[in-house]
Amino acid sequence: MRIRSAVTWLVRRLVVAPALIALAVALWVLLPLWLIVVAALAPVLPGRWRLLRLLWLLVVWVTAESLLLVILLGWWLAAGFGRRIRTPYWEGVHYDLVQGLMYVVFREARRVLALRIETEGGPSGSAEPPRTTRANRAARARASLFPGRPLIVACRHAGPGDSFTLIHALMHWYDREPRVVLKDTLAWDPSVDVVMHRIPARFVSTGNSRRDFEGQIADLARGLDANDAFVIFPEGGNFTPERRRRGIERLRRLGLERMARRAERMRHVLAPRPGGLLAALDAAPEADVVLVAHTGLDHVLSVRDVWRELPMDKVIVMRWWRVPRGEIPAEREAQIEWLFGWWERIDAWVTDNRPQELRT
C-alpha cells in the first residue's frame, strides 16, 4: 500500500503537474486557432457563445493553476527545500495565495457565467438578514460571522461549484482560514494536491473505515483558533435524486425507520451523516457552528445540465445561521436529532427560496 501511494504521489507531482503547465502554454500559443474554431461553430450551437465561455474559463483556470504551481515550487525552495513549509509563517502566506487565486478565478467565472451571489442573514439568524451589496459586503458579512470565535461550518452540498463558492466566501468575504476535508480523488488536481498538503486539510478515501474517517476529522478540527473555520458537508456527497434514494435505503437497512421517514420528507437535501460533524464537535468544544444553505444552481446535476444552462444568468442565494455552542446538545443521540432538525430547516428554506420556475 505504501509503495502504491508513493508511486501515485510521484505520478501526480512529476507527470500530472508538468502536463498541466504544458497545457497552459499550449492553450495560449494556440489560442488564435481555438478562437477561429469556436467562431466557426458558434452559429450551429445553441445558446449565447457557450463554447467560447467554456474555452475562456478553461484558459483562466489552467493558467491560474499553472502560475500557482510555479509559485509553490519557488516557495518550497525558499522554505529550505520544504523543511519550514508547515511553519505558521508559510501556512499564512499559502492561505493568502489561495485567497488571491480564488478571487481572480471566482470573479472571472461569475462574469463569464452571468452569476450573481447574494447572502442572507448572519449566522445569528436575525429576523431581517442583511442583503449583500458591493458597498457593505465586507463590513456586514464579517460582523455577522462573529470575529474571534472558532467556527465549524456545515454546508448543504448541491450544484456545481458550491464548495468552491463556500470557501471563497469564507476567505474573501469573512476573512476566515478554512480547514477542509476533501475526497482523495481531488488530489489529482495538481494545485489542490500541493496546497492542501501545506495547510491544515485532509484527503479522505471512501474506503476508509468509520473509525479512521472520524479520527481524521477530529485531528483536523483540534486546535481551531479565532480566525479558523472547519468546513464539512454532512451529506457526504453532492445531491442527486439517486443519492437521496440510496441514503433513505441505508437508514432503513440500519433499522432507523423513523430517520428514514424524516429523510423522505426532505425533498432537496440528502439525509445528513452525523459521524464527521459529531467528531468535529467533540474535538473543538470551543467552536460555534454555522449552518449554510444555498440555492440557485442546485438543479444542475450533470455535465449536460451545465451545458444547457450556459450562460447561467442566475442568482445564487446563500443563507447563514450561527448556533452558539451552548445551544448544541452534549449527548450524541441528542446531537443527531439536532442535526436532522437543522437539515429539515435547510430543506424548508430551499423549498421557499428556489427559483420560481423550479418550484413544484
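All of these numbers come straight from a predicted model, not from anything done at the bench.

Which residues make up the nonpolar core, and what are the values?
The biggest cluster of nonpolar side chains holds 53 residues, and the ones touching the most others in it are V153, L166, L170, V231, V292, M318 and W320. Looking at which element gives the most residues to this core, the answer is helix α4 (residues 88-113), with eight residues. The contacts of V153, once residues within four sequence positions are left out, are L166, L170, A229, F230, V231, I232, V290 and V292. Of all hydrophobic cores here, the second largest spans 43 residues; its members include A263, L278, A280 and L291.

Please set out the pattern of salt bridges residue by residue, giving values where relevant.
Overall, the coordinates contain 19 salt bridges when judged by the stated rule. Between E108 and R111 there is a salt bridge; the shortest N-O distance is 2.3 Å. With a gap of three residues between them, E108 and R111 both fall in helix α4, about one helical turn apart. Between R245 and E242 there is a salt bridge; the shortest N-O distance is 2.2 Å. Taken together, the residues R245 and E242, both in helix α9 (residues 241-253) and three residues apart, mark about one turn of the helix. Overall, E242 belongs to the partly exposed group, its relative accessible area being 35%.

Describe the sheet that holds strand β6 (residues 288-295), with residues and values.
Read across the sheet, seven strands follow the order β1-β7-β6-β2-β5-β3-β4 without closing on themselves; strand pairing throughout is mixed. In this open sheet, the two edge strands, each paired with only one partner strand, are β1 (115-120) and β4 (201-204). Here the average twist between neighbouring strands, direction ignored, is 20 degrees. Across four bridges, the pairing between strand β3 (residues 177-183) and strand β5 (residues 228-232) is parallel. Along β5, the bridge assignment pairs E177 with D228. Sitting on the sheet, α4 is in contact with β1 and β3, with an inclination near 120 degrees to β1. Seen against the sheet, helix α11 (residues 274-283) touches β2 (151-155), β5 and β6 and runs at an angle of roughly 170 degrees to β2.

What counts, and where the lines are drawn
- Residues numbered from 1 in each chain as written.
- Predicted model: local features only at pLDDT ≥ 70, side-chain atom pairs only at ≥ 80, totals over all residues.
- Heavy atoms only, no water.
- Core = buried A, V, L, I, M, F, W, Y, C linked by side-chain atoms within 4.5 Å.
- Buried < 20%, exposed > 50% of the residue type's maximum accessible area, 1.4 Å probe, protein only.
- Helix = DSSP H or I, 4+ residues; strand = E, 2+ residues; numbered from the N terminus.
- Contact = heavy atoms within 4.5 Å.
- Salt bridge = Lys/Arg side-chain N within 4 Å of Asp/Glu carboxyl O.
- Pairing = 2+ DSSP bridges.
- Axes fitted to C-alpha atoms, helices over the stretch in contact; angles between N-to-C directions.

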